[in-house]
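This is what each chain is made of:
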Amino acid sequence: MARAAPAHGFDYSKRCDPQNAQFGVVVRAYLLAIPRVLFEAINELEAKQRAEQADNDAQLIATNSKDIFDDGYSWVGGNPNGDITIVEFTDYKCTYCKKAFSEVNDLLTHDGKIKFIIKEFPILGQQSELGSRFAVAVQQIDGDAAYEKVHNALMAFRGNITVESLVKLAKDQGLDADPILKRMNEEPVSAVLRANYQLAQRMAISGTPAFVIGEQLLRGYAPEAAMAQIVAEERKAKAAK
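This report concerns the structure included in the present document. Here the residue index of a chain counts from 1 through its sequence in written order. This being a predicted model, a pLDDT of at least 70 is required before a residue's local features are given, and a value of 80 or more before pairs of side-chain atoms are given or counted; all residues contribute to the totals for chains, interfaces and linings. In computing side-chain values, all of the structure's heavy atoms are included and hydrogens and water are not.

1. A closer look at the overall build of the protein chain
Basically, it comes down to this: Helix and strand definitions here come from DSSP, where helices need a minimum of 4 consecutive H or I residues and strands a minimum of 2 consecutive E residues; each element is numbered from the N-terminal end. Only protein chains enter the accessibility calculation, which uses a 1.4 Å probe. A residue is then buried if its area is under 20% of the maximum for its type, exposed if over 50%, and partly exposed in between. When checking whether two residues touch, look at their non-hydrogen atoms; a contact exists if any pair is within 4.5 Å. The Shrake-Rupley method, run with a 1.4 Å probe sphere, supplies the accessible areas, and residue values consider only the shown protein chains as cover.
The secondary structure content of the protein chain amounts to 10 helices and 5 strands. Considering the protein chain as a whole, with its 241 residues, one finds that 36% of them fall into the buried category. Taking contacts inside the protein chain between residues at least 6 apart in sequence as the whole, the part at least 24 apart equals 75%. Entry remark: accessible area of the protein chain is about 13,900 Å², with carbon and sulfur atoms responsible for 55%.

The structure is reproduced here in structure tokens:
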């Protein structure tokens, strides 16, 4: 069977090495003379890669939707009946998580129609895990309101997270530290962290903060304005369906 001619009009297999070398020289000279063409090609490639990543992220979110948005144990804040949901994977020793904390709070205050879910995702060492175990134990023993206060306090905390500092935090919040410290190392707390780790792995999330905003995945810190723009895009996409 005869082989069809290449769609672009060139059959490189029929060119000899000197011809290929000369062709490369001509192309290089052209790109150097008109660099705009190279920039356009790079921009087109980057746009294609971003689109492919967005499609892949949307598929990951759809596949793991139940565990992301309705796992039955993660703390829910903001407007529980909001039209857009933001889920944050966070770590109490993460500098950018602490920076994002105020940005997220401002967004929730200014918007008012966003449901917000926190996923404890301690990945930065022993202090990170200690803080997350404490926060999850507080939620399981003392409820969501107590968890919110402890979470806020841990985000504002700048010292070392130790058993002693957590005992003080509990007392400052009017909580009994003993049952919390006991629960921290028990299976119900471990199960929550294990499920969050597994979900993050499936979502290709390896750092903090990371956000699921509607059907988009944002890996890393972003200021309020950038997150608000994504929320607006999600509302527009949702209205178009």
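Next comes the rest of the write-up.
2. Observations concerning the packing of helix H4 (residues 95-111) against helix H10 (residues 224-240)
Note the cut-off: Structural elements are reduced to axes, namely lines fitted to C-alpha atoms, with helices fitted over the stretch in contact, and the angle between N-to-C directions of any two is expressed from 0 to 180 degrees. Orientation labels follow simple angle bins: below 35 degrees gives roughly parallel, above 145 gives roughly antiparallel, 65 to 115 gives roughly perpendicular, and whatever is left gives oblique. Left-handed describes a crossing whose near helix is turned anticlockwise from the far helix through less than a right angle; right-handed describes the clockwise counterpart.
H10 packs onto H4 with a crossing angle of 45° between their chain directions and a minimal axis gap of 9 Å. Taken together, H4 and H10 sit at an angle that is classed as oblique. At the point where H4 passes H10, the crossing takes the right-handed sense. Mapping the contact onto sequence places Glu103, Val104, Asp106, Leu107, His110 and Asp111 in H4 and Glu224, Met227, Ala228, Val231 and Arg235 in H10.

3. Some words on the packing of helix H7 (residues 163-172) against helix H8 (residues 177-184)
Where H7 contacts H8, the axes come no closer than 9 Å and their chain directions differ by 135°. On the basis of their axis angle, the class for H7 and H8 is oblique. Crossing handedness for the pair H7 and H8: right-handed. Contacts between H7 and H8 involve Val163, Leu166, Val167 and Ala170 on the former and, on the latter, Ala177, Leu181 and Met184.

4. Considering the pattern of salt bridges
Two side chains that carry opposite charge are able to pair once their charged atoms sit near each other. Formally: Counted as salt bridges are all cases of a side-chain nitrogen of Lys or Arg within 4 Å of a carboxyl oxygen of Asp or Glu.
Throughout the structure, instances matching the rule amount to 12 salt bridges. Linking aspartate 83 and arginine 235 is a salt bridge whose minimum nitrogen-to-oxygen distance equals 2.7 Å. Here the residue aspartate 83 occupies a position in the loop between strand E1 (75-78) and strand E2 (84-90), and arginine 235 occupies one in helix H10, the gap between them amounting to 152 residues. Glutamate 215 is the salt-bridge partner of lysine 241, the closest N and O atoms lying 2.6 Å from each other.

5. A look at the sheet that holds strand E3 (residues 114-120)
Selection criterion: Any two strands are treated as partners once DSSP identifies two or more bridges connecting them.
A sheet is described by the order of its strands in space; here 5 strands give the open sequence E1-E3-E2-E4-E5, paired in mixed fashion. The open sheet has two edge strands with one neighbour each: E1 and strand E5 (216-219). Taken pair by pair, the neighbouring strands of this sheet meet at an average axis angle of 20°, ignoring direction. Note that E2 and strand E4 (residues 210-213) share 4 bridges and pair antiparallel. The residue bridging valine 87 from the neighbouring strand is valine 212, located in E4.

6. Notes on the side chain of serine 74
Selection rule: Pairs of N or O atoms within 3.5 Å make up the polar contacts considered here, provided that, within protein, one atom can donate a hydrogen while the other can accept it, and that residues adjacent in sequence are counted only when both atoms are side-chain atoms.
By the element assignment, serine 74 lies in the loop between helix H3 (65-69) and E1. Of note is the side chain of serine 74, whose polar atom sits 2.6 Å from the side chain of aspartate 71. Side chain to side chain, serine 74 and lysine 119 meet in a polar contact 3.5 Å long. Once you skip the residues sitting within four places of it in the chain, serine 74 turns out to touch Ile117, Ile118, Lys119 and Gln139.

7. A closer look at the nonpolar core
Soluble globular proteins: nonpolar side chains tend toward being buried together. Formally: Here the nonpolar core consists of buried residues drawn from Ala, Val, Leu, Ile, Met, Phe, Trp, Tyr and Cys, with membership extended through side-chain atoms lying within 4.5 Å.
Counting residues in hydrophobic clusters, the biggest one holds 43 residues, and the most contacted among them are Ile86, Phe134, Val150, Leu154, Phe211, Ile213 and Met227. Here phenylalanine 211 is in contact with Ile86, Val87, Glu88, Ala100, Val104, Gln216, Leu217, Leu218, Gly220 and Met227, once residues within four sequence places are set aside. Residues Leu60, Phe89, Ile205 and Val212 belong to the second largest nonpolar core, which totals 14 residues.

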